[in-house]
Every structure is written in C-alpha cells, then in structure tokens.
Amino acid sequence: MKKRIVSLLLAVCMILSLLTGCGSDKKSTDSNTGSDDNGTYTYRQTYSSVSTWSPTDWEISSEWDLLVYTASEFYGFWMNETKDGYDIVCELASKFPIDKTADYAGNETYGVPADATEGYAWQVSIRDDATWEDGTPITVDDIEYSIQQFLNPEMKNYRASLLYSGSVGLANGEDYYNNDKAGKAKLTVATDLGIAMSDLTAGSDGQYADKDGNKAYFGWSNPINNDWMQGYALTDYADYMSEDVYNSLDALANEDGYIPMTDESIKLLHSFTGSADWGGESEEDLINYAYREDGITEEIPWENVGFVKNDDYTFTLVLKNPTTLFNFESDIDNVILVKKDLYEANKQDTGGIYKSSYGTAVDKFSSYGPYKITSYQESKEIKLEKNENWYGYKDGNHEGQYQTTNILWQQIDEHTTQLSMFLQGNLDIVGLASDDMEKYGTSDYVYYTPESYTYYLALNTDFDMLKSRESDGVNKTILTYNDFRKAISFAIDRNDYVKSCTAGCNPAYGLLNDIYICDPDTGATYRDTEYAQKTLCDVYEVDDLDNLTGYDKKKASELLQSAYDQCKKDGNISDTDVIEIDYHSYGSEAIYQKRVDYVQDALLEAAKGTSLEGRIKLNLVEDQDLYNTMKAGQDDMILGAWGGADLDPYSMMICYTDPTYINEYGFDPYQNLTISVQGEDITMSFYDWYNELYTGTYAVAERDVRNEILAGIEKGLLLNYHVIPIDSSCAVSLYSQRVIPGSEEYINSIVQRGGIQFLTYTMNDDEWDAYCKEQGNNLSY
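Scoring rules and cut-offs
- Residues numbered from 1 in each chain as written.
- Predicted model: local features only at pLDDT ≥ 70, side-chain atom pairs only at ≥ 80, totals over all residues.
- Heavy atoms only, no water.
- 1 Å grid on protein atoms, 1.4 Å probe; cavity = no way out; pocket = protein on both sides within 12 Å on 5 of 7 lines; lining within 4 Å.
- Points joined across faces, edges and corners; volume = space filled by probe spheres on them.
- Helix = DSSP H or I, 4+ residues; strand = E, 2+ residues; numbered from the N terminus.
- Nonpolar A, V, L, I, M, F, W, Y, C, P; charged D, E, K, R; others polar.
- Salt bridge = Lys/Arg side-chain N within 4 Å of Asp/Glu carboxyl O.
- Pairing = 2+ DSSP bridges.
- Axes fitted to C-alpha atoms, helices over the stretch in contact; angles between N-to-C directions.
- Buried < 20%, exposed > 50% of the residue type's maximum accessible area, 1.4 Å probe, protein only.
- Contact = heavy atoms within 4.5 Å.
- Patch = residues over 30% accessible without salt bridge, like charges linked within 9 Å, V, L, I, M, F, W, Y side chains within 5 Å.
- Areas by Shrake-Rupley, 256 points an atom, 1.4 Å probe, with all protein chains shown as cover.
- Lys, Arg positive; Asp, Glu negative; His and termini not counted.
- Charge placed at Lys NZ, Arg CZ, Asp CG, Glu CD.

J.: Hey, could you run me through the layout of surface pockets in this one?
T.: Over the atoms rolls a probe the size of a water molecule, and its path tells where empty space is left. Within this model, the second largest pocket holds a volume of roughly 470 Å³. What lines the second largest pocket is a set of 25 residues, among which T324, L325, F326, P520 and R703 lie closest to the centre. Contributions of two or more residues to the lining of the second largest pocket are made by strand 4 (86-90), helix 8 (325-331), strand 24 (517-519) and helix 21 (703-718). Among the residues making up the lining of the second largest pocket, the classes are represented as 13 nonpolar, 4 polar and 8 charged.

J.: Please explain the pattern of salt bridges as it appears in this structure.
T.: One side chain can pair with another of opposite charge once the charged atoms of both are near each other. Under the definition given, this model contains 36 salt bridges. Three or more residues joined by partner-sharing salt bridges are found here, namely R44, D428, R738 and D765.

J.: Any chance you could explain the sheet that holds strand 11 (residues 258-260) here in plain terms?
T.: Think of a sheet as strands paired side by side through backbone hydrogen bonds, with each pair either parallel or antiparallel. Ordered in space as 7-12-10-11, the 4 strands form an open sheet in which the pairing is antiparallel. The open sheet has two edge strands with one neighbour each: strand 7 (185-189) and strand 11. Between one strand axis and the next, the sheet turns by 45° as a mean value, whatever way the strands run. In this structure, strand 10 (residues 216-219) lies alongside strand 12 (residues 290-296), joined through 3 bridges in antiparallel fashion. Residue pairing for strand 12: A216 is matched across the bridge by R292.

J.: What is the right way to read the pairing of strand 19 (residues 406-411) from this model?
T.: Each regular strand displays side chains that alternate between the two surfaces of the sheet. Burial analysis of strand 19 places 5 of its 6 residues in the buried class, the great majority of the element. The pairing of strand 2 (residues 42-47) with strand 19 spans 6 bridges and is parallel. In the sheet register, T42 faces strand 19, and the bridge partner there is N406. When strand 18 (residues 381-386) meets strand 19, the two strands line up antiparallel, connected through 5 bridges. Paired with L384 across the strands is I407, a residue of strand 19.

J.: Would you mind going over unusual backbone geometry with me for this structure?
T.: Residues apart from glycine generally show negative phi values, whereas peptide bonds are mostly found in trans. The backbone of Y402 shows a phi angle near 55°, a positive value even though the residue is not glycine. Relative to the helices and strands, Y402 is located in the loop between strand 18 and strand 19. With a relative accessible area of 9%, Y402 lands in the buried category.

J.: What should I look at first to understand the sheet that holds strand 13 (residues 307-311) in this one?
T.: Reading across the sheet, the 4 strands line up as 5-6-14-13 and stay open at both edges, with antiparallel pairing between neighbours. The open sheet has two edge strands with one neighbour each: strand 5 (98-99) and strand 13. Bridging between strand 13 and strand 14 (residues 314-318) involves 4 bridges; their strand directions are antiparallel. Along strand 14, the bridge assignment pairs F307 with L317. Helix 4 (residues 140-150) rests against strand 13 and strand 14 of the sheet, and its axis sits at about 170° to strand 13.

J.: Help me understand a negative patch on the surface in this model?
T.: A surface patch of negative charge is lined by E118, E530, E702 and D704. Note on placement: E530 falls in helix 15 (residues 530-540). Under the relative-accessibility criterion, E530 is labelled exposed at 55%.

This is the structure we're talking about:
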C-alpha cells in the first residue's frame, strides 16, 4: 500500500532523519518461495509509538504502517518480474476504474461542469470474495459506511480531509463534514467582503454589525486567510500575548472558536496588536482579524455527497475536482474500511463530539488484509499473524508472496538498544546512525533507500519581526536582503555537508528530490524533466547539471558584501554590528549542533575578506515547537522538511504556497509570479498557481504543461531564497542475515524493494534462533 499523504516531519522523525534518514520500506527477491509448512517466519522490527490505528483517526507514520498490514488496497502497485518498475493490479477492486464523467456532466447537485469530459467521476467494482477477519463478507455498504464515518460531522475525525480534499475529495464532502454548523450564520473573512472597521457599529446587544445587521467576530482559533494573517489563527500567537490578555480573549471565544466583536474584545485585542512589540497597529487594522456573517449555512444531506451505490459490488465516486486515472488508482487507498458493528459499538460522546475507540485494542478492530492484530501492549509491543480469511491466500494471484507468517513490533526508543538487539539476532532490521557508518557502511547487509523528504533552511524574512528582536550591536534584518540569503545557499558545500552531518543522505538542490514520479506509465521522475533541470541550472547559475554543486565560495563572498553594502546604505547595520542568527532545533545534542556549526563555519569562511569577516554567528536554540515559533516570526532559521506524496509532485507545492502550510514567516504567497506556459507568459500569485495546477485549469492538462508550471513555481520559490534545500533523506538500514528483500536494488518510490509482500527468508524462526545461539548471540555484520 502506498503512502500518499503530504506530511510534515515531526520531532521523532526529525531525530531519526539526522541519524538514519528516517524509516524504510524494503521489498522482494529471486529466492522467494512464499508461505510454506517449514515453520514460522516472524519479521521483527521496532516502531516509535502507536496510540490508534483507526482509519479515521490515525496521525503518525507508524499508525499508518500498521494499517498497511491489515487492509487491502483497491489497486496494488507490485514490483514487476524484471524488478525495474511496477505493475498495477486489482486487489480489493475486481476491475480497473471506469471514468463516468460523461454521466454526471452538468449535474447541479455535484457541481460537475456541463462541459466536463474526464476526471470527475470514477466507477469501481469490488471482488465478491473479500471478507473481514471473522469471515463476514465485504460489500459496497461497508465502503459507503466507512466513507460516511470519515466525514461524520458529529465526530470531526482527524483524517476527514482525505475524502473532502485532494485528488479523491468528494463532491459536497466538506459541506457535509460541516453539517454541525447547519442553521448557523456563515462567516466570511471581513477583508474578503471589502469592509472596514468604520462600517461596523455596536448593536443593542453590544456586538458590532453592519448596517444590515450582519454581526462581526474576531477569528480566534480559526485560520484567517487573507494577506495580513496568511492563514494563521490568533491563537498561533498565544506565546506573544500577556497571560491576562490571552485568557481574557479565550474566555470570550464561542464553541466555534470565534470572538464576538464588542467594545471589550476590541480593547483587549488592540492591547496586543497595538503594542510596540507587535507593530503598533491602529484600531482600524483590527479588520484584518475579523469575520462577518454572510448568509446561513445549509445542511447537506448524505445523498448529495459524491458517493453513488450502483449495486452491492459497484460504486461511483463523484469528485469535487478532476483527477487522473493514476492519481485515482493510487489515492483511493486513502479509503480504509471500518467494520460497522465494532465502530458503532465503540462510539461515545466526548463532550459535544462523538468519537469511536475503534483501532485502540485487538477486540475493537477488524482486519481485511494480509495480516491481523493478535496482541497489543501499549508502549511495548504489537503482534500480528496471517489473516486466514484474506482472499489473497486463496485466489491464486499471490503465489510465492507473503512468506512472513508473523510480525512482531517492539517499541524501543534507544538506538543503542536497537542495534544491540539486532546484533543478538532479535531484530530483522535496524536503522544506522551516523556514528555507525564507519563500521557498517560497507556491510554486505546494508541497504540505502532514498526517501521523499527534503530538508531545507527556512528563513524569517520579515523586517519588523526581525528588527523587534535586535539588540545593541546585534543585526538580524540583513536576512531580509535577497543577496544575503542567496549567499547562504552558495556558501554551503552540500556534498561535504551530507558526509559530515548525516548518515547516507543526498545533497538537495530543489524542493523536490529525485524520487518524485511525474509519469506513472514510465516511472520517469520530475527531476529528469527538461523543465526541472533548467530550473536548477538557472537557480545555481550553471550551464549543465553535470557542473551542479550549489557551492561557489567566491560568489557567496560577493553576495555577502553586496548585501552588507545595501544594508548599511539603508541604515540598518553599523560598522561593528554582529549578525546573530537564531537557529531553532528540536534538541541541542551533537547531531543538531553539528548541522548548525557547519552552516556557521561555511558563512564565516565565505565572509573572509569582506566587511562581514568574523561578524556572523549562529546560535542553536532548543525548541520543541520550532515550526510554530517560525510561523509566529519569533526565530530566524530552522531546518524544515516536507515530504510524502512522491507519486504526485504537483500536490507538494501546497506546502510552500498555501498560507495554512507555509512555515516561513515573511513570505507572501499572494505576490505575483510570471511563468512561461508553452511560450505564453502568464502572471498570477504563487497561491493561485498552485490551485490552478492542482485543482483548477491545469489539473488534467498534458503532463508536459503541468511539469513546466511546477518547475516555474519551484524556480520562483528557490530564487526568493527563503527556503534553501540542503539534503534529502535516505534510509540506511542493516537487514539480518536471514532476510532477503525482493530486490537488491532500489527500484523507485512506488515499490522501493518490494515490501513485506516479496520479503523472503533463508531460515525459519527455529533455525534462526539455533544459528544465533551457535554464534553466541553476537552476530557479525
């Protein structure tokens, strides 16, 4: 099963990436003999943590990985026989999807355009021999129930957005999800309505409204999508309000996270926004934090959501936006089923919101995939074994696959403990830390697996916020000068950096690394397209990618001098000011300090012979909430990372152009960007370019056109130098001497090496235990 979710690396994964490049997924072999009667084959691995494996509420990668073992995908992406690509096969589905857009074109209920010809509606047929682990048959009713629970407005499930947005976002899915607001006033960002504070007056109840009686509110915990707030909520800035002001405003907020606009709330909020630390805004500027009533939210019946039951084994999904066949086949796997009787039996009111504890205990979950969960001990271990009622063990299509009979997950946090257990023969895979590379980096059992995550320096570029944190003799505002940020990029020798600071990572020059596939038919990657290659050549000022290193000390020196000269001319730096850059990091251990020191040393080296020689300092600041700190403009630099969705590179631009996702304070996604599309210069904002590429005009355009636009967006972002790619993750792992991945070579991001499906063994559990005992439980790698 493919991981399709765009995800931000959290603290745990960040630490792992510094050590190993994060987790890995390995796959298949020539000696694959499949399941046999020669004992058990237990695949033993570690995991970080698991709180829930509910399809509607999982949050972290380990929880998703557990679902992968226990669910059947609609369409499987299998390693092909020649081990150089993949084949798409029907799994839970019995046929490949059929485009039914013509049947729904002009349908007003679903909002399908009258001239739509493809991509909006897809019919899926499922096999009639699929069952839950207890043998209960699976029909379309199970699929409909599961989708309805994802979107259940009474539950507000964590993964609801998988089915109301993205490439399988259902028509009217989001409106149905928001049915809890039915009958209430619809609130619209005030600046979108073109109103000012002077257009609002206090009514008899004390709440401000316009002349027509439409009441006004401040968005408290709700994102405010305008040029001023760029998708952030006021609560995102809680750390920068006094405790009294925050608590007083929070007490005024209603259950939906809005604060009625009254004289009291105006005074309280302005005591924060009008302060010198915030920027001394006027009361009129409060309109930038406001919403106003704009009609009534109507209730959407389930029948209006884009799910159509054709018969017991056939259904059609009608989408909000068109998508390609490949994206549909891949992303429909976001629909993981829940078993109705168990899901309903474990629902309870949690204070206004219903939640189900489905997927938190063995007896509160049901598998319908290759494996089932047999034991769960929180924070200790999870055991799985083959699901005897899975169709794949009987249909004749999976011969020679799934030799693994059991899976044992153990939660072991310390790397030294993991490595020790591996060398004793108690684990079948272990990630390597940078300190392990000298000893194990050339082992016959080491595997390097590139991953989708790109690490980049994220910079604060807002003059006022940087200025507010300067002190006597300290300058930060030079970060607002493009030449200074560009100098940082050219000062870093990425090839040397990855060798010095990481375990097996690769140098990164673009926001998307080499594994992002843009042509699913051939497996061609985005980075291999002419447009992506030209972007890197233009950004790093080289004629040929063969000459690309990203490192040019002389150019970096010239840029540092240029930035300094302009900064001094503008009166923003003195002859003696030291540039102090606060680099926030999850920890202060050596693995983090090494990265900070490398960037500082590179800048000091480039500054030699310039007016900034000896005047640049990076301060490592430990910060467990560094992304929110950056979003609030209260640091200067972090090491950010985005990854996932490696089969859909176009979706990734949301991370850099949508205010809800952007980490880098000061970058304005609404500024214009001109891109040449098939010879025509077209100008729109970064934000609009992404939306037109992913869900708008260019969503189903020719691949060549989409690649040209994607490269144009990426180039625009890179030339702003508020995001500076440094390295991309690569998992470095040791496999035990008894396991053989499906392919010795990494194939591509879709199949990697074949996964558990094609993993084989040279010894069963008893034979392996005996071998390890002979070796004194001290194996040599």
